[in-house]
Amino acid sequence: MPLDYMSDLNEQQQQAVTTLDGPLLVLSGAGTGKTKVLTSRIAHILYGGHAYPWQILALTFTNKAANEMRFRVAQYNEISHLCKDLWMGTFHSMCLRILRSNYEAAGLRRDFLIYGEDDQKSVLKRVITNLGLDTKEFNPADWVERISGIKDKGEFDFDKMNLSPVAQKILREYNAELARLGAIDFGDIILLVLKLFALHDEILRKYQNQFHYILVDEFQDTNAAQMNLLKMLTSDKESPNICCVGDDDQI
């Protein structure tokens, strides 16, 4: 019996599922079946033999959304065994996977740590104090958020950014301290992949060649770093097979 991944889809959704060549943007409001389109599209690619599971990169913004997508694809018994090999997860989890596989080229220790907000505050408090600055005026908690915003811009050469001299000092010393501790922060995960790709063309080409299909959920929420990642992964193709779905009410 043929795999029934087209049930409950309207004509426009079916077209989104079966249009596999070139870029595709799907816009619709909340609760209109955008995730169903993505999971059906993955099923269509796998069932039709258009790509192996490891050649599909499906990006979400939350682990919950990634788990939901994987669960839905796994409901199709004929392809459920392929789900484990899908590159499916959040932008950060997929970039972390790339960093773990290329830690040396990325300038990281093999057992590098990922610091959360409390660890970041502790590092920043030490850095700000060592710079002779007042932690009341330069609140470490505020700087955690500020540094996150800086790194989300997707520019790893901070000297090119329009930062104040004091911000440059704090950021430089903070990153140096993280490196000394063998750690990165959440904002580094995507940023270091961008740097890795920029400095190592052979690694970039490896992933460009691997991913035949890229799917992005909640596209309206992408920040500059995430957009740069998508551009780098598709820059080798004149008409890349990337499908982005988003809520046009939130754009």
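That block above? That's the structure.
An account of the accompanying structure is given in this report. Only a predicted model underlies this, so the values are computations on that prediction, with no experimental measurement involved. (Residues numbered from 1 in each chain as written. Predicted model: local features only at pLDDT ≥ 70, side-chain atom pairs only at ≥ 80, totals over all residues. Heavy atoms only, no water.)

## Points about the pairing of strand 1 (residues 24-27)
Note the threshold: Using a 1.4 Å probe on the protein chains alone, a residue whose accessible area is under 20% of its type maximum counts as buried, one over 50% counts as exposed, and one in between counts as partly exposed. Helix and strand assignments come from DSSP, with helices taken as H or I runs of at least 4 residues and strands as E runs of at least 2, each series counted from the N terminus. Paired strands are those between which DSSP finds at least two bridges.
A one-sided burial pattern is seen for strand 1, the buried positions being Leu24 and Val26 and the unburied ones Leu25 and Leu27. The sheet contact formed by strand 1 and strand 7 (residues 242-246) spans four bridges and is parallel. Across the sheet, residue Leu25 finds its bridge partner in strand 7, namely Cys244.

## Details of the layout of surface pockets
Our working rule: Here a cavity denotes a set of grid points, spaced 1 Å apart and computed over the protein atoms alone, in which a 1.4 Å probe fits but from which it cannot get out, and a pocket denotes an open set meeting protein on both sides within 12 Å along at least five of seven lines; residues with an atom within 4 Å of a point are reported as lining. Grid points are joined across faces, edges and corners, and a volume is the space filled by probe spheres set on the points. Put simply, Ala, Val, Leu, Ile, Met, Phe, Trp, Tyr, Cys and Pro go in the nonpolar bin, Asp, Glu, Lys and Arg in the charged bin, and everything else, Gly too, in the polar bin.
Its volume calculated, the largest pocket comes out at about 530 Å³. Taken together, 26 residues line the largest pocket, and the ones lying closest to its centre are Asn175, Ala179, Asp188, Leu192 and Lys195. Taken together, the elements giving at least two residues each to the lining of the largest pocket come down to helix 7 (165-180), strand 5 (183-185) and helix 8 (188-199). For the lining of the largest pocket, the residue count by class is 15 nonpolar, five polar and six charged. Approximately 150 Å³ is the volume attributed to the second largest pocket. Lining the second largest pocket are 13 residues, and of these Gln12, Gln13, Val26, Leu27 and Ser28 sit closest to its centre. Looking at the lining of the second largest pocket, the elements with two or more residues in it are helix 1 (11-18), strand 1 and helix 2 (34-47). A per-element tally of the lining of the second largest pocket places strand 1 first, with four residues. The residue inventory of the lining of the second largest pocket, partitioned by class, reads six nonpolar, six polar and one charged.

## Comments concerning unusual backbone geometry
The phi torsion at Glu218 lies on the positive side, around 50°, for a residue other than glycine. Secondary-structure assignment places Glu218 in the loop between strand 6 (213-216) and helix 10 (224-234). Owing to a relative accessible area of 27%, Glu218 belongs among the partly exposed residues under this scheme.

## Let's talk about the pattern of salt bridges
For clarity, the cut-off: Salt bridges are defined as contacts in which a side-chain nitrogen from Lys or Arg sits within 4 Å of a carboxyl oxygen from Asp or Glu.
Across all of its chains, the model carries nine salt bridges by this definition. With its nearest N and O atoms 2.7 Å apart, the salt bridge here joins Glu68 to Arg72. In this pair, Glu68 and Arg72 both sit in helix 3 (residues 63-74), four residues apart, roughly one turn of the helix. Classification of Glu68 by relative accessible area gives partly exposed; the value is 35%. It is possible to trace a salt-bridge network through shared partners that takes in Arg126, Glu177 and Arg180.

Geometric descriptors of this kind do not, in isolation, establish any biological role.
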